[in-house]
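Results of the structural survey
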Amino acid sequence: VAFNDFVVMPVGRGQALEFPNWRKPATLVFRDCRGGGRGGGRGGAPPRARLSSIDPCVFGLPTLASSPSPVPTFLQYDPAALPPPGTLVAMDTEYVSVAEDDAVVRADGSRVVTGAARQALARVSAVDGRTGEVVLDDYVLPLEPIVDYKTRFSGLNSEDLDPLTSPHHLVHLRTALLRLRALADLGCVFVGHGLATDFKVVNMFVPPAQVGDTLDLWSLPDQRKLSLRFLAGCLLGVNIQGEFHDSIEDARTALRLYELHLELGAGLAQATLLKLYEYGQRNDFKFNAAEPFVGPQLAPLGHAPGAAHLDPPSLRAQGGNRLAAPLI
């Protein structure tokens, strides 16, 4: 069976396994079908490393940029000392548009979309949960002309993805995908906010036991999802996603929210969620600095001297990004 975002159809064995010159796969993944059942979610079987054909040296590939910044933005994994199974790796991505909606307007004035917009991976960042170090910050060389850099949301512009002008660690799409796949095969647990969208755009499947999505953890059934910015302001007392989004900042924020959820435990986390929705309904689901969020047994965040206790222990040592009075 061949998969992509829009088509699922049966194909012959030759079409699936043969790769002539015009067809070059980015990643081949082999699965041992002799194993037993699958784990599911946080309560499933613990993550374990899987056999992988991906060479660990993929983590040491150089940038394609002609004049990269002399100060690296991340600490590359040593191919000889890769993370063990169960390591938390916080991840966030940025996208650009390579095709806009094609639409026609009917005689009755209705608009019908005949071709869906398409997005392409433009940046992927990852933070190691053990150390807080940025271990991936790949900018991706585009394969197609870009019609919209979505700068307001991605923080990207044309210079960032041009090998002649980019100061960043610019890589081929294949390299970025191989690094993510290698981390999944090592048994790392991906933490992020809205990871289903990230995995869809990069066309990668990650077992549920290796996914910690704060979009799902910090939400109630049959209720609206809570934005990362809203949660950061209410629970962490920090202001994020100001003028532009930044994938490193978002990944670190998701990691803090994930560890906070573990630290609170199921009972207190559930009670906090109920208070969050009450607070959100009063404030249009935006953090209101004039009315700081107060959860069960919690002091007003960003105002009480003891507010820093909400940072998980592993993150308190890093100093965090707490504001005296979070802004919107």
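That block above? That's the structure.
What counts, and where the lines are drawn
- Residues numbered from 1 in each chain as written.
- Predicted model: local features only at pLDDT ≥ 70, side-chain atom pairs only at ≥ 80, totals over all residues.
- Heavy atoms only, no water.
- Patch = residues over 30% accessible without salt bridge, like charges linked within 9 Å, V, L, I, M, F, W, Y side chains within 5 Å.
- Areas by Shrake-Rupley, 256 points an atom, 1.4 Å probe, with all protein chains shown as cover.
- Salt bridge = Lys/Arg side-chain N within 4 Å of Asp/Glu carboxyl O.
- Lys, Arg positive; Asp, Glu negative; His and termini not counted.
- Charge placed at Lys NZ, Arg CZ, Asp CG, Glu CD.
- Helix = DSSP H or I, 4+ residues; strand = E, 2+ residues; numbered from the N terminus.
- Core = buried A, V, L, I, M, F, W, Y, C linked by side-chain atoms within 4.5 Å.
- Buried < 20%, exposed > 50% of the residue type's maximum accessible area, 1.4 Å probe, protein only.
- Contact = heavy atoms within 4.5 Å.
- Polar contact = N/O pair within 3.5 Å; in protein donor to acceptor, adjacent residues only side chain to side chain.
- Pairing = 2+ DSSP bridges.
- Axes fitted to C-alpha atoms, helices over the stretch in contact; angles between N-to-C directions.
- Phe/Tyr/Trp six-rings, centres within 6.5 Å; stacked < 30°, edge-to-face > 60°.
- Lys NZ or Arg CZ within 6 Å of the ring centre and 35° of its normal.

A word on a negative patch on the surface
A grouping of Glu100, Asp101, Asp102 and Asp148 is seen on the molecular surface, where their side chains present a negatively charged patch. Inspection of the secondary structure assignment puts Asp148 in the loop between β7 (134–140) and α2 (151–154).

So, the nonpolar core
Counting 35 residues, the largest nonpolar core has Trp218, Leu226, Cys234, Leu235 and Leu276 as the members making the most contacts within it. Counting residues per element, the ones that place at least two in this core are β3 (88–99), β9 (189–192), α6 (228–236) and α7 (247–282). Considering each element in turn, this core owes the most residues, twelve residues, to α7. Residue contacts for Leu226: discarding those within four places in its chain leaves His193, Leu215, Trp218, Leu231, Leu273, Leu276, Tyr277 and Phe285.

Details of the side chain of Glu94
Note that Glu94 resides in strand β3. Arg123 is the oppositely charged side chain nearest to the buried, salt-bridge-free Glu94, at an N-O distance of 5.5 Å. Of note is the side chain of Glu94, whose polar atom sits 3.3 Å from the backbone nitrogen of Ser247. Setting aside chain neighbours within four positions, we find Glu94 in contact with Ala120, Leu121, Ala122, Arg123, Phe153, Ser154, Leu156, His245, Asp246 and Ser247.

Quick look at the sheet that holds β9
Overall, mixed pairing links the six strands, which are arranged β8-β7-β6-β3-β9-β10 in an open sheet. A strand with exactly one partner marks an edge of an open sheet, and here the two such strands are β8 (169–171) and β10 (211–213). When the angles between neighbouring strand axes are averaged without regard to direction, this sheet yields 35°. In terms of strand pairing, β9 meets β10 through three bridges, oriented parallel. Looking at the pairing, Gly192 lines up with Asp213 of β10.

Here we look at α6
Burial analysis of α6 places eight of its nine residues in the buried class, the great majority of the element. What α6 keeps buried is the set Leu228, Phe230, Leu231, Ala232, Gly233, Cys234, Leu235 and Leu236. One or two residues past the end of α6 sits Gly237, with phi positive at roughly 70°.

With respect to the packing of aromatic side chains
Counting across every chain of the model gives seven aromatic pairs. Between Phe59 and Tyr77 the ring centres are 5.8 Å apart and the planes differ by 90°, which places this aromatic pair in the edge-to-face class. Of this pair, Phe59 sits in the loop between α1 (13–17) and β3 while Tyr77 sits in the loop between α1 and β3, and the two are 18 residues apart along the sequence. Linked through ring pairs, Phe230, Tyr277, Tyr279, Phe285, Phe287 and Phe293 together constitute an aromatic cluster. Just above the ring of Phe285 sits the side chain of Arg224; from NZ or CZ to the centre is 4.1 Å.

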